[in-house]
Every structure is written in structure tokens, then in C-alpha cells.
Amino acid sequence: MATCIRFCGVRTKLSNRFTEVIQSAHLPNAQLKCSYCDFIRRQFSCVCNTRITSALPPCRRGLQYRRKHSWCPEINRQNTCVTLTGSPRHSLLGTARFSKDYSLLSRSLYSPFSYAPAFDSRQSRYCWSGSSGSNSSSSPPGDSNDPASAGADDPAGDGKNDGSDGEEDGDEMEHTGSVPEMPISPGIMPLSPMTVPEVWPRVPVIAIKRNPVFPRFIKMIEITNPSLMDLLRRKVKLNQPYAGVFLKRDEDNEQEVVKQLGEIYNVGTFVQIHEMQDLGDKLRMIVMGHRRIKITDVLPEDADYTPILETKPETEMTVNNHKRGRRRRKKVAPEAEVIGELVAEQDKANNDMSSFKTIPASITEVLMVEVDNVAHDPYKSTEEVKALTAEVVKTIRDIIAMNPLYRETVAQMIQGGHRVIDNPVYLSDLGAALTGADSSELQAVLEETNIPNRLMLALSLLKKEYELSKLQQKIGKEVEEKVKQQHRKYMLHEQLKVIKKELGMEKDDKDAIEDKFREKLKDLVVPDHVMEVINEELTKLSFLDNHSSEFNVTRNYLDWLTNLPWGKFSTENLDLARAREVLEEDHYGMEDVKNRILEFIAVSQLKGSTQGKILCFYGPPGVGKTSIAKSIARALGREYYRFSVGGMTDVAEIKGHRRTYVGAMPGKAIQCLKKTKTENPLVLIDEVDKMGKGYQGDPASALLELLDPEQNSNFLDHYLDVAVDLSKVLFICTANVTDTIPDPLRDRMEMIDVSGYVAEEKVAIAQRYLVPQALNNSGIKEDQVVLDESALTLLIKSYCRESGVRHLQKQIEKVYRKAALKIVNKEMDKISVNPDNLQDFVGKPLFTSDRMYQETPSGVVMGLAWTAMGGSTLYIETSVRQWLDGGSGKKGEDDKRQGSMELTGHLGEVMKESANIAYTVARSVLHTRQPENCFLAKRQIHVHVPEGAVPKDGPSAGCTIVTALLSLAMDRPIRQNVAMTGEVSLRGKVLPVGGIKEKTIAAKRAGVDCIILPAENKKDYSDLQSFITEGLEVHFVETYDDVFPIVFPDN
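Residues numbered from 1 in each chain as written. Predicted model: local features only at pLDDT ≥ 70, side-chain atom pairs only at ≥ 80, totals over all residues. Heavy atoms only, no water.

There is a patch of like negative charges on the surface, built from D250, E251, D252 and D438. Topologically, D250 is positioned in the loop between β12 (242-247) and β13 (267-278). (Patch = residues over 30% accessible without salt bridge, like charges linked within 9 Å, V, L, I, M, F, W, Y side chains within 5 Å. Areas by Shrake-Rupley, 256 points an atom, 1.4 Å probe, with all protein chains shown as cover. Salt bridge = Lys/Arg side-chain N within 4 Å of Asp/Glu carboxyl O. Lys, Arg positive; Asp, Glu negative; His and termini not counted. Charge placed at Lys NZ, Arg CZ, Asp CG, Glu CD. Helix = DSSP H or I, 4+ residues; strand = E, 2+ residues; numbered from the N terminus.)

Turning our eyes to something else, we now look at the pattern of salt bridges. Summed over the entire model, instances satisfying the criterion amount to 29 salt bridges. Among the salt bridges present, the one from E222 reaches R284, with a minimum N-O distance of 2.9 Å. With E222 in strand β11 (residues 218-223) and R284 in strand β14 (residues 283-299), the pair connects residues that are 62 residues apart, well separated along the chain. The class of R284 is partly exposed, set by a relative accessible area of 27%. What you see here is one network of salt bridges that share partners, running through E222, K282 and R284. (Buried < 20%, exposed > 50% of the residue type's maximum accessible area, 1.4 Å probe, protein only.)

As a further point, take the environment of A579. Within the secondary structure, A579 sits in helix α14 (residues 576-586). A relative accessible area of 0% places A579 in the buried class. Between the alpha carbons of A579 and I597 there is a distance of 8.6 Å; along the sequence they are 18 residues apart. Discounting chain neighbours no more than four positions away, the residues touching A579 are N573, L598, I601 and A635. (Contact = heavy atoms within 4.5 Å.)

Let's shift gears to the UniProt feature "active site" (unreviewed entry) in the protein chain. Cross-referencing UniProt, the feature "active site" (unreviewed entry) maps to S956 and K999 in the present numbering. Taken together, the annotated residues stretch across 44 residues yet fold into one region, lying no more than 11.1 Å apart by C-alpha. For S956, the position within the fold is in the loop between β28 (939-944) and α28 (958-970). Setting aside residues no more than four positions away along its own chain, S956 makes contact with L864, T981, G982, E983, V993 and K999. By secondary structure assignment, the location of K999 is in helix α29 (residues 996-1005). (UniProt positions renumbered as here; feature names shortened; annotations may be inferred.)

Once that is clear, we can look at the UniProt feature "binding site: ATP" (unreviewed entry) in the protein chain. With numbering matched to this structure, UniProt assigns "binding site: ATP" (unreviewed entry) to G619, P620, P621, G622, V623, G624, K625 and T626. Inspection of the secondary structure assignment puts P621 in the loop between β16 (613-618) and α16 (625-636). Classification of P621 by relative accessible area gives partly exposed; the value is 34%. Take G624: it is sitting in the loop between β16 and α16. Taking the relative accessible area as the measure of exposure, G624 reaches 17% and is therefore buried. Every residue in contact with G624, bar those within four places of it in the chain, is listed here: H587 and M590.

Turning to a nonpolar patch on the surface, a few remarks are in order. Among the surface-exposed residues, L468, L471, I475, V479 and V483 lie close enough to one another that they form a single nonpolar patch of about 450 Å² accessible area. Among the secondary structure elements, I475 is positioned in helix α10 (residues 451-503).

In contact at an axis separation of 8 Å, helix α8 (residues 424-434) and α10 are set at 25° when each is read in the N-to-C sense. By the angle class used here, α8 and α10 are roughly parallel. Here the hand of the crossing between α8 and α10 comes out left-handed. Facing P424, V425, S428, D429, G431, A432 and L434 of α8, the residues of α10 in contact are I451, R454, L455, A458 and L462. When its residues are assigned to classes, the contact of α8 with α10 shows 8 nonpolar, 2 polar and 2 charged. (Axes fitted to C-alpha atoms, helices over the stretch in contact; angles between N-to-C directions. Parallel < 35°, antiparallel > 145°, perpendicular 65-115°, else oblique. Left-handed = near helix turned anticlockwise from the far one by under 90°. Nonpolar A, V, L, I, M, F, W, Y, C, P; charged D, E, K, R; others polar.)

It is worth spelling out unusual backbone geometry at this point. A positive phi angle, close to 75°, is found at R210, a residue other than glycine. Tracing the backbone shows R210 in the loop between β10 (202-208) and β11. Within the chain, K677 stands out as a residue other than glycine whose phi angle is a positive 55°.

Its 13 residues place the ends of α28 19 Å apart at the C-alpha level, agreeing with the 18 Å of an ideal helix rising 1.5 Å per residue. With 13 of its 13 residues buried, α28 lies for the most part within the structure. Following α28 by one or two positions, D971 has its phi on the positive side, about 50°. (Expected span 1.5 Å × (residues − 1).)

With that settled, consider the sheet that holds strand β18 (residues 682-686). In spatial order, the strands read β17-β18-β21-β16-β22; together these 5 strands make up an open sheet with parallel pairing. The outermost strands of the open sheet, each flanked by one partner alone, are β17 (640-644) and β22 (750-753). Neighbouring strand axes in the sheet, compared pairwise and without regard to direction, differ in orientation by 20° on average. Across 4 bridges, β16 lies against β22 in parallel orientation. (Pairing = 2+ DSSP bridges.)

The topology assignment puts K248 in the loop between β12 and β13. Buried within the structure, K248 lacks any salt-bridge partner; its nearest side chain of opposite charge belongs to E254, at an N-O separation of 6.0 Å. Of note is the side chain of K248, whose polar atom sits 2.3 Å from the backbone oxygen of Q255. Residues within four places of K248 in sequence aside, it is in contact with A207, I208, K209, N253, E254, Q255, E256, E263, I264 and Y265. (Polar contact = N/O pair within 3.5 Å; in protein donor to acceptor, adjacent residues only side chain to side chain.)

Further remarks concern the pairing of β18. Among the 5 residues of β18, 5 are classified as buried, and the element is accordingly described as predominantly covered. Along β18, one buried face is formed by L682, L684 and D686 and the opposite face, lined by V683 and I685, is buried too. Here β17 runs beside β18; their pairing, made up of 5 bridges, is parallel. Within β18, the position partnered with R642 by the bridge is L684.

And the structure:
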């Protein structure tokens, strides 16, 4: 046995087909069937002859009660309705409590299929409402308005029961409609549609954002606040599925329960919960709005009971009946006691309402509020209202026609059987709900009580939505048209491809790619080992999918293999006269470089074939090392390709990447072949002395294979992985110094020294190349500015003493820019630049004097030094710090008081060692030539090299330091206008040094007429041009004994 959770609460046996057979102790012969619920249904009537269908438990046998209820026309007060019609065998007693609006207050517990009587105000009767889909006005089984039912229950047609057998009545009262068997999930609570009360003053608050709920519209709401969830569950269990939905003022507020009333609008919607799904941590509800309500006060959370209007005392007859009922219930079965418990619980809840007359002052959360219904102002169907209604309908139709998505929405919003155009109230809500306006605008429509104004607000929102729909449609059409064009183009291309394929004019993509690669190989002389790899890759390509990553890798690999110039050579110029003319045209001087190139051409002419070579030009900046390489390429008729390795730290730049890497590509050597499209280009590798070294490897070591004439004929790149012949390539490298070049790499190259220019060479270069280039860049005509040769000489001597001509080019361009400014300002028409006005164009001179001493005193000697900027003069100064004679006389102390030397001038370690050696040699020479002279042995000597901020290092100043110490010791100046260089050994040998040309140029620029050089450097001096050595007295010495008579002559 299970307890019926319907209206009656009788314990009954339930079957799978929703059919029950009740065998009651009070109705021993009764078997009543019901296909909808699990309780007994009967028809009863009041004294007003109004038929009522209710579900009541069995009561005392043989008693008849006919009493009036509160909604009878004769008595207009709340009362207990006790109705009875039937024979003594089947007498039933029912008690129901009604309010003034005829809504049933004492109801059954909540059930999945709840059928309860509801009052239909239009037909002045209560009707059945259930979840079977029938509306509230549908007649229940056995209703007097149903002819079939009336005939079955009342054959006489007078509306009275004839007292027939209960079993027959049960069969006749069975509903003819079919209700499908619906398994209900424990978490889903579909609520039965019932007549919504017109007055429900206390409701829970559901705060939403963005869009309010309009009357007659449905919305799904999810609740996660525990307090609000418990309140709604309690309401639903009491079969009071009503709430108030209010819109938040702040759309960013994510709280579901507001703290103050100011956080929500005070006008909202009274909604009925149609379905509720309890998911544990949240509630998912489907609610339907019914009317507008307005908040009047806040209630505490526990004020969630149904408000009951004040009732009058029951009549004596009613009390007596209750007493009889209590006496009877003591004898009836336990099933009949359930309804009494329910009624008692509800009465107790109603009586407890008096405790909430005073509301607590502190309310932390607004869960329950007291509301009043908001009625719209009375209106007449004037022409204005009709016009507004028609315009709203027209706008809705336009929106639906423009956007078909609204059609389904409107179909769901409009209930069947309603004429929307005849109801301006609903039409205004429909128009507002259809739009996506702001929440404040929708709330304004909800709060408006004047119907014409509400229609106008809804119309304005619809017009905005219509304009938005038009813009959306325009954008959609543009996008659709673009997509159609692309799709159409794609389809036409595909069709054209198929047509060409059918006609034999075009093949598949793979076949076309293979044909393209083979077409490239037709005019090439590809080595056999390379052709074998190409064929393997083409076969592999034919089996790969076009969209696979391996397909693209293989395709790129084949593209590199087929784009290399296999067997292609550029025609070389073997005419020596033409080559010399080109070299002289672009560069002045540099005879060593030009002669080496002419030798290269002569060998190629004799051999009858091109050849490769590895050359390295080293020298100071600005002397034309990079530019001469381009001139050589033009003179030889070869393609030119340049790349710099300065700062390079990745070996893959030289040897290429592995093909497995993303973005892999060959190295620079293979790239130059693809770009120049020839196997014998001229490749310039710039700045080989500035290569770096990182975790990716050492590029200098990678160049060993590339620049080795014996190995580069089978150069193996990591990407190509096939041998490539680079023996026909002419490699030219450039460097400023050779010290930082690794010895194995320097050994593979032919080193050619490109030294600096002397003043005469600079003047010639300026007149031939730099001045015409400056004229062209400045836009000045040749006759407008004249730069005198004397001005150029002064510019070179006082401003541009470096070995190269880059700084000289900048100064000349500066002169012509200043001249251009004067010409444009019309200060001068023609300008002549001479030594007198040169400072007006280039400023004050940087070098005012070439010599520190016009006459060198004793202890001072001019030396010659080499720097990266060229040669320069270097003075060595010596002086006495302290005299050590006049000691105590003791032999031990006198032995300790020996001479010493201190060095200053930012000297390097090598130069310090050279100075110490020179000090020893000077003491030895002085002791040999003047034994009585103990100057160096008895004194503390201070040796200084001027310009202390400039670092200095190297052994070439040894001979100069020895001479300065001897001059100081003998207190005798050396021969004037003498400069020297050379390293001295501990035994007095003068060793060779480098930079003879630069040092000679520096000595001549300083006005020196006699220089002393090591004998081993005679070959270097003999290579100098005659205009450099002209006017110079040169002495080549092997030991310092050869130097002494030159600097200290007898006369």
C-alpha cells in the first residue's frame, strides 16, 4: 500500500497502468477506477445547484449534507463547503477552504500529475486542470457541461444523481482522454497549470539582469543561491509555485539575491513556475509571467506562508459537522486520517501568520517582498490606438520578413486562438519582448501603465530593431556575395581543371609539378649522383598526399635541387687590357691587388678554362677592400655575390640546416649559386676577422671546408646532402687585422696587404673619385664650387690623417653641403674653397702639429708605430726620479742601492717586457762605450710614452727606448729629424717589425728625413712607391751597435 499524494491522501494500491482498485472497509462492494490519479473522484453539488468536482476521502455512511459555500450567490463570505449528493451507501464528505477570489487555499501535497478543482470565473464553476495539456476551461469527467458525462451520471437530465451503484458510477466517470505514461525524474518537477490567483501579495524575489519577463511570456531561470533555492523548494512543495521576477539596475551585478531594494526596479512580473528541475547545487525553472506587480514592502525570509484573509466563525451546523467528523474519524480506516493532518497543518500555518505583523528591522537579504498588482490605465480604442497597433503589427511583420529567425520566436510567443491585433496590451509586450533593446528601455515598457504610451515605446524599440535588422541584412548580403564569388571562382577553376584534364591540356597537380621539375632539368648538365637523388625524390613525391607536411618538404627540396645552375658558367673576360682598364677606372693605386688579378686572368687564358681561388685582402678601414672586389668581378665578367660573416655564430649559415627542421634552407654558398645562376661567381666574404663563436658551433671552422681548394670541389651542404663543386668559385675575403683569424683558416687563403694611402694618393683619389661623387650627390654644378688642390692637401693634413679615405669623403661632402646652403640662400653665386676659408666649411683643424718637439732634447727619441688607422709617430720620454749616490759607505747597503726604471703611458705587457730588455741593453752599451758612466746603475729612471689614454703594445719600440736611455745617461740629444723602429733582443740584435709602409708614411708626414729600419725589412721598403721614399735617408741595421753611430755622430 502506498499513500496517495493527491488531494485526498488515501492509502491505495497502485498499478503500472495508473489504475487502482480500492477495497474500503466502508465501501465493501465498491471498485472504482481512475486513469489519472490515485484517489477517488465524485460529483457533488451545493445548495446553489452548482456542480463541483472534487476528490474527497470516504466518510460516514448514510449521511447527507447540503450546505452553502463562500462563493454561492446567496452567501458572500468565506465558509466551509460541505457538499454531498448520493445514496447512503456512497456518501462522501469533502472539506475545502476558499478565498474571496475563489482560489483554493487548502490544497493537496505537490505531485507530478496534480489534478485539483479550479474556479473558472467566466463559467462560474470549478474545472479540472492537469498536465495532460488541456486548458483550465476544459470540463472534468462527469461535468454537467459535458453531455456524455451528464447523461451517464444523470440520466434524467435534471442534474441530480440517481443513486446508482458505485462501481457503475466509477466506470462512467472514467476520463475518456488518454494520458501517456511519463516516467518522472526525481529532479524534475513539472507543475500543473492551474488558475492563477488574482491577488497574491507575498512572493519570493528572483532578481535577473538584461531582459525583464513580460506577462504571458516564458523564461528559463537558473538559481544557485542556497537561501533562495530552499525558499522556492518550500513554495513548490506547498503547491504555491509563484514568485516575483524583478530586473536589476546594474547589469554587472552577478548576485542572485540583492541586499537592498534599491538594487532592483520596484516594478516586476508575477510569474508561475511551470517546471522546476532540481540539480542539487542549482535550480533550473521555466516560469511564465502573468501580470505586473510593484513592491510595497520587504518581508523576512521566514514569511513564506500563504496569506489568509480574516475568516468569520463557522456556523453551528458546520461545527457540529466537524465534531461528527472527528467522532467518525476515530472509527474509519487510517487512510482517511491523512487529509485531516494536511488540513490541520495548513490551519496551523495560517494561524502563525499573525507573528509576522512586525517585520525585523535588519534584513541582510531580500528574499520575500509584499507586492501589489499594477493595473494599466483604462483606455479606449481610439483611432490613435488603432493606428499604433497597426504600425506595431506592420513593423513586426517587416522584421519577421527580413529575419526568418524571428518567425519561430513570434510563433512561440503568440498563443493559439488569440488575436494579437485586438489586444493592444499584449501587443505592446510582444513588441518589446521581440527586440534586443537595453534593459532600461525594456523596463520602461514594463513600468508604463498608459497603453498608448506603452505602444509608442514598443514601436520605437521595434523601429530600432528594424533598422538593426536592415543593417545586419546588408552586411550579411555583402558577406554572402563575397563568399559566393569566391565559391563561384573556385567552382569555375575546378571545372576548368577537369575540362583541361579531359582534353589532355592539363594534368593532375602532382603530374604538373613533376613535369615542371623535369622541364627545368632539360638545359642543365646534372651530375649522375645528383640525378639519382632527384629521381628518387620525384618518385616519393608521387605517392605523397598533397596536404601532408612531407609533401611540402619534398617539394621544396626538389625546388632547390632543380634551381641550382648545374653545368652553367658565365663567360669570363680573358682580355688583360680590358681588365686593367676596368680596375684603373674604379680604383687608384692598389698595385698589388691589381697585379694579382691580372695574373689570375693570364693563368686562365693559358689554361683555357676558368678556375677558382681564395684571396684575402687585409688592411685598415676605408682603403677600398670591399669595393675592389666588385670591380674585380666586373673586370673578370663574373657574377658578384657578397655576404658578411661579422658576428656570425651559427654554423648553419655556412653549411645549411637539416631538412627535418621547420624553415630549413641551404647555407650561403648554395644560396649564392641559386641567385647568380652560374657555377663560377665571385663571392665576397666580408669581415672574416670578426666571426663569433656560440653554442651553434664555430663558423670559422665551417669555412675551412668551403675555402679549401682541395675540398670545396665536393662541398657537402647539410640541406642538399649532395656534393656540389665550388672549385670554380673565386672567393675573396676581407679583414682589418690578421691576428684574430684562426691559423688554419689563414693558411688556406692567399693574404694580400692593402695598406693605407699617403697624402699624394689621397689627393689623387679625391680629385678623381670623391669630388665628382660629392658634386653629383649635392646637385651643385661643376662651375659653381671650386675646391683647390691646396685646400685638399690642408684638409688631408689637418683633418684626415687616417690611412683610408672614408673620413676624407665625409669632409668633402660636408664642404659641398655648406656650399649648397650658401647658393640656395643666394649669399654667393660661385664659391672657391681654399686654405684661407676652409675652416668656414669644416671647422677647426683636428691636427695642428705633427711633432711634439721641434728639436728633441736629451732623453727624448721619436719612434714609429702602426695602428689600425695607419702609421703614426711615437715619442719616448725619459727622466731621472732620484739620485742614489752618497750612501752610508757600507758595502752591503751600497750594493742594495741599485738603479731602477718605472714605466707609464698605458703600456701593454709586450711593450713592458720590451722596455725592460731595452733597459738592460742600454746599461750594457753604456758600460761598453763609457765604463766610468754609472748613471743608469745609480739612478731611478722614469720612462713615459705620451698620450697615456691611448693603449700601446708591441715590441717595435725596443730600439727607440734604448736610444732614449742612452741619450739621458750621456746627457746628449740625438740627431734631429731621426725616427726609428725595430725590436731589440737582449744581446742587442735588431729584429724585423711590420707596417713599414704606414710607418714610413707617418715619418714623412712628420717631416723626418732619416729613418732607421731593421735590415730584415729592406724587402718591404723596396716595394714602396718612389714618391713615398723620395727625400728619405734610410739606414738598415742588424745590431744596436749599427744604430749608435747614426744617432750619436762624432761631430
